[in-house]
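# Chain and residue survey
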Amino acid sequence: MSLEAIRYRRGSLEILNQLLLPQQSLYEAVGSVRQGWEAIRSMKVRGAPAIAIIGCLSLAVELHNKTTTEESVDNLETFVLDSLSYLVSARPTAVNMAQAAQELGRIVRQEAKREGSTVESLREKVICWAEAMLDQDLKDNRSIGDHGALHLLQQVGQDKVIVLTHCNTGSLATAGYGTALGVIRSLHTMGCLEHVYCTETRPYNQGARLTAYELVYEEIPATLIADSMVSMAMKEKKISAVIVGADRVVANGDTANKVGTYQLAIAAKHHGIPFYVAAPSTSCDLSLEHGGQIIIEERPSQELTDINGVRVAAPGIGVWNPAFDVTPHDLITGGIVTELGVFAPTELLAALTRRANKV
Ligand code: MRU
């Protein structure tokens, strides 16, 4: 069975605490919006799609368990809209929670205005929407996996491929299956994956702690490398393609992802290796024209100076710790893999606009 990072049934939400992995698998209850915000901020749960899913489900659980006696539709509408803004504030770079807040906010305003709407109908709308999001993300990831695997095999013209990935984009970062790791999973299922190299992903080690854990768990043949080894790996390890996830893909295809992605893309271009980004359309932000407009989250200095609470950096040194960087679209040479198919970065805007106009 694939790794279960989120346990949800109506009125109850548990997350696998990713700060404790791989040493301990501990599920923790998230019963309120405040607990959801804290789990996201502290990175007990992380990864762009998972941040939005846990945010929205924490709201669904709080609403389900809230006593209703003195509530009005107006009060509930205000509570939901305030909760959504609060959840968006937990981490700024991944766009998924902001997109979810916008969409759910629109639905809540509409329902509150509807003649005959009640506290119960409003509550039910929010809960059903959050639950649907969990199911949709899993479906989208399976499509991403299959589109990406087929495109990559065709592009490189090999029966078996060796891929390199960065950060964690698997079951732990999504509702399940994963995005970039979903493509890797699909390649493996198709019998077309020879090997995966995963980077340790300093400073927070999502690759060494989480991706390595998922790859071992799924029995996918894999090797861990330090971030500083990627150019050498590309030169010596017959890497067929690089595939990473995304926290925000903007209109021109520029992509924010875990810090270190940009240098991977530069090295891939130098070595003539296709570079892919895999992301659901919920990670795309067409309101921004280019990557320079993306807010990059800066994380506490201890994530860089300490490992597992032990200081390794010299005391007194200054620290810069941006959690993400932006890869310019012209370095995304393989394509952007979404649930709708694989697009050149310059085709993405038109593809997503076509879909939006159909809905
Ligand atoms: O800081 P994190 O661990 O939340 O960063 C995660 C990433 O950068 C992932 O690559 C991205 O969110 C894609 S997850 C499917």
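Residues numbered from 1 in each chain as written. Predicted model: local features only at pLDDT ≥ 70, side-chain atom pairs only at ≥ 80, totals over all residues. Heavy atoms only, no water.

In the annotation of an unreviewed UniProt entry, the entry for the chain reads Methylthioribose-1-phosphate isomerase, and the organism field reads Anolis carolinensis. You can read under Function (unreviewed entry) in the UniProt record for the chain the words "Catalyzes the interconversion of methylthioribose-1-phosphate (MTR-1-P) into methylthioribulose-1-phosphate (MTRu-1-P)." (UniProt positions renumbered as here; feature names shortened; annotations may be inferred.)

Moving on to helix H2 (residues 48–65). Between its terminal C-alpha atoms H2 stretches 26 Å, which fits the 26 Å expected from 18 residues at 1.5 Å a residue. Across the 18 residues of H2, 16 count as buried, placing the element largely inside the fold. (Helix = DSSP H or I, 4+ residues; strand = E, 2+ residues; numbered from the N terminus. Expected span 1.5 Å × (residues − 1). Buried < 20%, exposed > 50% of the residue type's maximum accessible area, 1.4 Å probe, protein only.)

What follows is about the UniProt feature "site: Transition state stabilizer" (unreviewed entry) in the chain. The sites that carry the UniProt feature "site: Transition state stabilizer" (unreviewed entry) are, in the present numbering, Cys167. Position of Cys167 relative to the elements: it lies in the loop between strand S4 (161–165) and helix H6 (180–189). In this structure Cys167 touches Arg46, Thr199, Thr201, Gln206, Gly207, Thr211 and Lys258, once residues within four positions along its chain are discounted. (Contact = heavy atoms within 4.5 Å.)

A word on the domain arrangement of the chain. Partitioning the chain into domains gives domain 1 (6–136) and domain 2 (145–358). The straight-line distance from the C-alpha centre of domain 1 to that of domain 2 is 26 Å. On the domain 2 side, the residues contacting the 24 residues of domain 1 number 28 residues. Summing the contributions of domain 1 and of domain 2, the shared interface buries around 2100 Å²; its carbon and sulfur component is 53%. (Domains from an automatic or database assignment. Buried area = accessible area lost by both parts, 1.4 Å probe.)

Looking now at the packing of H2 against helix H5 (residues 119–156). Contact geometry of H2 with H5 gives a least axis separation of 9 Å together with a crossing angle of 150°. When the interaxial angle is binned, H2 and H5 end up roughly antiparallel. Here the hand of the crossing between H2 and H5 comes out left-handed. Between H2, through Pro49, Ala52, Ile53, Cys56, Leu57, Leu59, Ala60, Leu63 and His64, and H5, the contact on the second element is made entirely by Arg123, Val126, Ile127, Trp129, Ala130, Glu131, Met133, Leu134 and Asp137. Grouping the amino acids of the contact of H2 with H5 by side-chain chemistry returns 14 nonpolar, one polar and three charged. (Axes fitted to C-alpha atoms, helices over the stretch in contact; angles between N-to-C directions. Parallel < 35°, antiparallel > 145°, perpendicular 65-115°, else oblique. Left-handed = near helix turned anticlockwise from the far one by under 90°. Nonpolar A, V, L, I, M, F, W, Y, C, P; charged D, E, K, R; others polar.)

This part covers the side chain of Ser117. Here Ser117 shows up in the loop between helix H4 (96–113) and H5. In terms of polar contacts, Ser117 uses its side chain to reach the backbone carbonyl oxygen of Glu111, at 3.1 Å. Those residues within four positions of Ser117 in sequence are excluded, and the remaining contacts are Val73, Glu111 and Ala112. (Polar contact = N/O pair within 3.5 Å; in protein donor to acceptor, adjacent residues only side chain to side chain.)

Attention now moves to H6. Three- or four-residue spacings in an α-helix give side chains the same orientation, since the helix completes a turn every 3.6 residues. Among the ten residues that make up H6, eight are buried, leaving the element largely enclosed by the rest of the structure. Every buried residue of H6 is accounted for by Ala180, Leu181, Gly182, Val183, Ile184, Arg185, Ser186 and Leu187. As for H6, its buried residues are in contact with H5, S4, strand S5 (193–199), helix H7 (206–217), strand S7 (241–244) and strand S10 (275–278). At the exit of H6 stands Gly191, carrying a positive phi of roughly 75°.

With that settled, consider the sheet that holds S5. Reading across from one edge, S6-S5-S4-S7-S10-S15-S16 is the order of the seven strands in this open sheet, with mixed pairing throughout. In the strand order of this sheet, the two ends are held by strand S6 (222–225) and strand S16 (341–343), each with one partner. Ignoring strand direction, the axes of neighbouring strands in this sheet form an average angle of 25°. The pairing of S5 with S6 spans four bridges and is parallel. Within S6, the position partnered with Tyr197 by the bridge is Thr223. Its contacts with the sheet place H7 against S4, S5 and S6, and it is angled at close to 160° to S5. (Pairing = 2+ DSSP bridges.)

Before going further, it helps to spend a moment on the pattern of salt bridges. Across all of its chains, the model carries 17 salt bridges by this definition. Between Glu103 and Arg106 there is a salt bridge, with the nearest N and O atoms lying 3.0 Å from each other. In this pair, Glu103 and Arg106 both sit in helix H4, three residues apart, roughly one turn of the helix. Note that Arg299 and Glu303 form a salt bridge whose closest N and O atoms lie 2.9 Å from each other. In this pair, the class of Arg299 matches that of Glu303, namely buried. (Salt bridge = Lys/Arg side-chain N within 4 Å of Asp/Glu carboxyl O.)

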